[in-house]
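# Structural characterization, general
Take a look at the letters that make up each chain.
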Amino acid sequence: MSGHDALVVRGLVKRFGGFTAVNGLDLSIRRGELYALLGPNGAGKTTSLRIVAGLLSPDAGEISICGINRLRDPVAAKRVVAWLPDEPMVYDKLTPVEYLDFVAGLWQVEATVGKRRRDALLETLDLTRVADQRCEGFSKGMRQKVALAGALIHEPALLILDEPLTGLDASMARHVKELLQERVANGVTVILTTHILEVAERLSDRIGIIRNGRLVCEGTMAQLREGGASEGSTLEDVFLDVVAREEAA
Ligand SMILES: Nc1ncnc2c1ncn2[C@@H]1O[C@H](COP(=O)(O)OP(=O)(O)OP(=O)(O)O)[C@@H](O)[C@H]1O
């Protein structure tokens, strides 16, 4: 495995009883890349990424995160990765400031550094005006942004987001997209799943499509078009074409 890649996954398998949700997944994602992992419902995206984030154990396979073996050195791997689920949990009784200070403390971020990062994240995500209000009255989108700030406070090298834009209004979605692009410009690797294909098309450097727990197609938008789609086709056209071809095979 290459120590230079943000993520290398080889032969990943996950079974739930007799059902194989991830079936020999291979992925290589470079540092500083924004990678969109797409696939139909139930394709195995969340399961695969939960394994990478250390929340599930695989039945087979190898995972390297920034050169760290995920399975052999889980504590070191956990320090460089952040996982944001589609319905993140934030503590209702805490304010965003208290929540971010708490998370920074868990990661043992030095206090002045943590405060600087916290204030910058609150500003970028347009949360400053609610920074001292308890999260209990917050909308889903606001909670998602607080959780995203929490995921970033220890400055992970690899950020994995499951459906980060679902349920966000246009302005909130823009803040999140800008934050992700800014992180990627600074060398952070971002992997996201989304069913909003225009977002994947516009934001990502590369796109992978999985079906039945396997990678069936991967590349830049230009490369995906070369794979048979007509000139000017959108990611939605490519995606539907790939899935239809796989189903027919
Ligand atoms: N804990 C579990 N127990 C049993 N089956 C599971 C479990 N978690 C996931 N699965 C099954 O594994 C398959 C893959 O699920 P997963 O959530 O990874 O798909 P996904 O690609 O993220 O789908 P979606 O786009 O709908 O979120 C599905 O058939 C799902 O029902």
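In what follows, the structure referred to is the one given above.
Described in the following lines is the structure provided in the data block. (Residues numbered from 1 in each chain as written. Predicted model: local features only at pLDDT ≥ 70, side-chain atom pairs only at ≥ 80, totals over all residues. Heavy atoms only, no water.)

## Some points on the sheet that holds strand S1 (residues 5–16)
Paired through backbone hydrogen bonds, the strands of a sheet run either parallel or antiparallel to each other. An order of S2-S1-S4-S5 is seen for the four strands of this open sheet, with the pairing classed as antiparallel. Every interior strand has two partners, whereas the edge strands, strand S2 (19–30) and strand S5 (68–69), have only one. Where strand S4 (residues 60–65) meets S5, two bridges bridge the pair, whose relative direction is antiparallel. Note on S5: the bridge partner recorded for Ser-64 is Asn-69. Strand contacts of helix H1 (residues 45–52): S1, S2 and S4, with the helix running at about 120 degrees to S1, the strand carrying the most contacts. (Pairing = 2+ DSSP bridges. Helix = DSSP H or I, 4+ residues; strand = E, 2+ residues; numbered from the N terminus. Contact = heavy atoms within 4.5 Å. Axes fitted to C-alpha atoms, helices over the stretch in contact; angles between N-to-C directions.)

## Considering the sheet that holds strand S7 (residues 158–162)
The strand order across the open sheet built from six strands is S6-S7-S8-S3-S9-S10, with neighbouring strands paired in mixed fashion. Unpaired on one side and paired on the other, strand S6 (81–84) and strand S10 (214–219) mark the two borders of the sheet. In this sheet, neighbouring strand axes are inclined to one another by 15 degrees on average, regardless of whether the strands run parallel or antiparallel. Relative to S10, strand S9 (residues 206–211) is paired through five bridges, and the arrangement is antiparallel. Following the sheet pairing, Arg-211 is matched in S10 by Arg-214. Docked against the sheet, H1 engages strand S3 (34–38), S6, S7, strand S8 (189–193) and S9, running at close to 150 degrees with respect to S7.

## Regarding the site of the ligand
Neighbouring the ligand are Phe-16, Phe-19, Ala-21, Pro-40, Asn-41, Gly-42, Ala-43, Gly-44, Lys-45, Thr-46, Thr-47 and His-195. Measuring from an oxygen atom of the ligand, one finds a side-chain N or O atom of Asn-41 at 2.9 Å. In the model, an oxygen atom of the ligand is placed 2.8 Å from a nitrogen or oxygen of the Lys-45 side chain. Look at the ligand: alone it shows 640 Å² of surface, and the protein chains cover 57% of it. At the level of secondary structure, the elements contributing two or more residues to the shell around the ligand comprise S2 and H1. When residues in the shell around the ligand are grouped by element, the largest group, three residues, is from H1. Of the residues that constitute the shell around the ligand, the class distribution is five nonpolar, six polar and one charged. (Near = heavy atom within 4 Å. Polar contact = N/O pair within 3.5 Å; in protein donor to acceptor, adjacent residues only side chain to side chain. Areas by Shrake-Rupley, 256 points an atom, 1.4 Å probe, with all protein chains shown as cover. Nonpolar A, V, L, I, M, F, W, Y, C, P; charged D, E, K, R; others polar.)

## Considering empty space enclosed by the protein
The gaps left among the atoms become clear once a water-sized probe is rolled over them. Across all of its chains, the model carries one cavity of 30 Å³ or more by this definition. Considered as a void within the structure, the largest cavity measures approximately 30 Å³ in volume. Forming the walls of the largest cavity are Leu-84, Gln-144, Lys-145, Leu-148, Pro-164, Leu-168 and Val-176. A per-element tally of the lining of the largest cavity places helix H5 (residues 140–152) first, with three residues. Considering only residue class, the lining of the largest cavity consists of five nonpolar, one polar and one charged. (1 Å grid on protein atoms, 1.4 Å probe; cavity = no way out; pocket = protein on both sides within 12 Å on 5 of 7 lines; lining within 4 Å. Points joined across faces, edges and corners; volume = space filled by probe spheres on them.)

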